[in-house]
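A structural walkthrough
One-letter residues, chain by chain:
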Amino acid sequence: MKITLIGSGNVATVLGRLILQSKHSIVQVISRNKIHAKTLAVELHADYADFTELANPDSDLILIAVSDSGIENLFSNFIQNDKLVLHTAGSVSKEVLGRYSKNYGVLYPLQSLRKEVKIIPPIPFLVDGSSPEVAAIIENFARTLSPVVSRAGDEERLKIHAAAVIVSNFTNYLYAIAEEFCINEKVDFNLLKPLI
């Protein structure tokens, strides 16, 4: 598939790398900040643009990988001709994309992604689409990126997202508290790493 990637942060960067590894192509990176778009585009061998420009008309898929709060209001000039458009958010309904295209959905990576990490961890994907046919296309695409793909509607995806926040963020917060405790008590936190 030829993909226009909207965003240049952690999720966009990691998914862009994964998409290339999976033998798809990124034809364009679009970001609010044109310098950030260019930096990622160079890495992904793509063209770049900022939010004032149009998406590449040759794209098969427009993948929106921006903050959850940024999904709703920015993209009317990027989507043309009912292209397949996806967002990557766990807590945002797929329906926010309905005003941009009749072919829309979600490709939610159930993983904490950081662009500084050089080895991409295994990523389970939750997918959903505006119709059964669109959902099948998204699922097939996701299976090129990961062997772990499940369909999840908005309500189920939100519940899994909440559980993921508890599992990941709360656990990491507990580790941070333990590290602070060790520093204050002058004991070596590194001794806990095998246990962690």
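Structure first, text after, so check above.
Residues numbered from 1 in each chain as written. Predicted model: local features only at pLDDT ≥ 70, side-chain atom pairs only at ≥ 80, totals over all residues. Heavy atoms only, no water.

1. So, helix α2 (residues 34-44)
The condition that has to hold: Note on exposure labels: buried denotes an accessible area under 20% of the residue type's maximum, exposed denotes more than 50%, and partly exposed covers the range between, all computed with a 1.4 Å probe on protein chains only. Runs of H or I in DSSP of at least four residues are treated as helices and runs of E of at least two as strands, each being numbered from the N terminus. Working definition: the arc comes from the directions between the helix axis and the C-beta atoms, pointing outward to the latter.
Turning to α2, its buried residues are A37, L40, A41 and L44. Looking down the long axis of α2, one finds its buried residues gathered within 105 degrees of arc, a one-sided arrangement. Residues of α2 that are exposed and angled more than 90 degrees away from the buried face: I35, T39 and V42.

2. Structural notes on the packing of helix α1 (residues 10-21) against α2
Formally: Fitted lines through C-alpha atoms give the axes, limited to the stretch in contact for helices. The angle between two N-to-C directions lies from 0 to 180 degrees. Note on angle classes: values under 35 degrees are labelled roughly parallel, values over 145 roughly antiparallel, values of 65 to 115 roughly perpendicular, and the remainder oblique. Throughout, a crossing is termed right-handed when the near helix is turned clockwise from the far one, and left-handed when it is turned anticlockwise from it by less than a right angle. Whether two residues touch is decided by their heavy atoms; if any such pair falls within 4.5 Å, the residues are in contact. By the convention adopted, Pro, Cys, Tyr, Trp, Phe, Met, Ile, Leu, Val and Ala count as nonpolar, Lys, Arg, Asp and Glu as charged, and the other residues, Gly among them, as polar.
Contact geometry for α1 and α2: axes closest at 10 Å, N-to-C directions at 20 degrees. Considering their axes alone, α1 and α2 lie roughly parallel with respect to each other. The hand of the α1/α2 crossing is right-handed. Contacts between α1 and α2 involve A12, T13, G16, R17 and L20 on the former and, on the latter, L40, E43 and L44. Of the residues in the contact of α1 with α2, the class split is 4 nonpolar, 2 polar and 2 charged.

3. A word on the side chain of S101
Using the following cut-off: What qualifies as a polar contact is a pair of N or O atoms within 3.5 Å, subject to a donor-acceptor requirement within protein and to the restriction that residues adjacent in sequence count only when both atoms come from side chains.
As for its position among the elements, S101 is in the loop between β5 (84-87) and β6 (104-109). Classification of S101 by relative accessible area gives buried; the value is 2%. Here D82 takes part through its backbone oxygen, which lies 3.5 Å from a polar atom of the side chain of S101. At 3.0 Å, the side chain of S101 and the backbone nitrogen of N103 are in polar contact.

4. Some details on the nonpolar core
Under the convention used in this document: What makes a nonpolar core is a set of buried Ala, Val, Leu, Ile, Met, Phe, Trp, Tyr and Cys residues whose side-chain atoms join them at distances within 4.5 Å.
With 31 residues, the main nonpolar core has L5, I26, V29, L63, L107 and F125 as its most contacted residues. Elements represented by at least two residues in this core include exactly β1 (2-6), α1, β2 (25-31), α2, β4 (61-64), β5, β7 (125-129) and α3 (132-145). Once you skip the residues sitting within four places of it in the chain, L107 turns out to touch L63, L86, H87, T88, F125, L126, V127, F141, A142 and L145. Of all hydrophobic cores here, the second largest spans 15 residues; its members include A49, V85, V92 and V96.

5. Some words on the pattern of salt bridges
In a structure, side chains of opposite charge can pair up when their charged atoms sit close to one another. Heads up, the rule is: A carboxyl oxygen of Asp or Glu within 4 Å of a side-chain nitrogen of Lys or Arg is what we treat as a salt bridge.
For the coordinates displayed, the defined rule picks out 9 salt bridges. Here R114 ties to E116 by a salt bridge, and the two come within 3.7 Å at their closest N and O atoms. With its nearest N and O atoms 2.9 Å apart, the salt bridge here joins R143 to E139. Here R143 and its partner E139 are both found in helix α3, 4 residues apart, which amounts to about one turn of the helix. Within the structure, one salt-bridge network assembled from shared partners comprises K94, E95 and D128.

6. Some remarks on a nonpolar patch on the surface
Using the following cut-off: Only residues above 30% relative accessible area that lack a salt bridge enter a patch, with like-charged residues linked at up to 9 Å and the nonpolar side chains Val, Leu, Ile, Met, Phe, Trp and Tyr linked at up to 5 Å. Using a 1.4 Å probe, the Shrake-Rupley method yields the accessible areas, and only the shown protein chains count as cover for residues.
Taken together, the side chains of I166, F170, Y173, L174 and I177 present a nonpolar region at the surface, about 520 Å² in accessible area. Along the chain, the position of F170 falls in helix α4 (residues 154-185).

7. A look at unusual backbone geometry
Positive phi is not limited to glycine here, since K23 has a value of about 70 degrees. Along the chain, K23 falls in the loop between α1 and β2. Given a relative accessible area of 74%, K23 falls into the exposed group. Look at K186: it is not a glycine, yet its phi comes out positive at around 55 degrees. Here K186 shows up in the segment after α4. Residue classification places K186 among the exposed residues on the basis of a relative accessible area of 74%.

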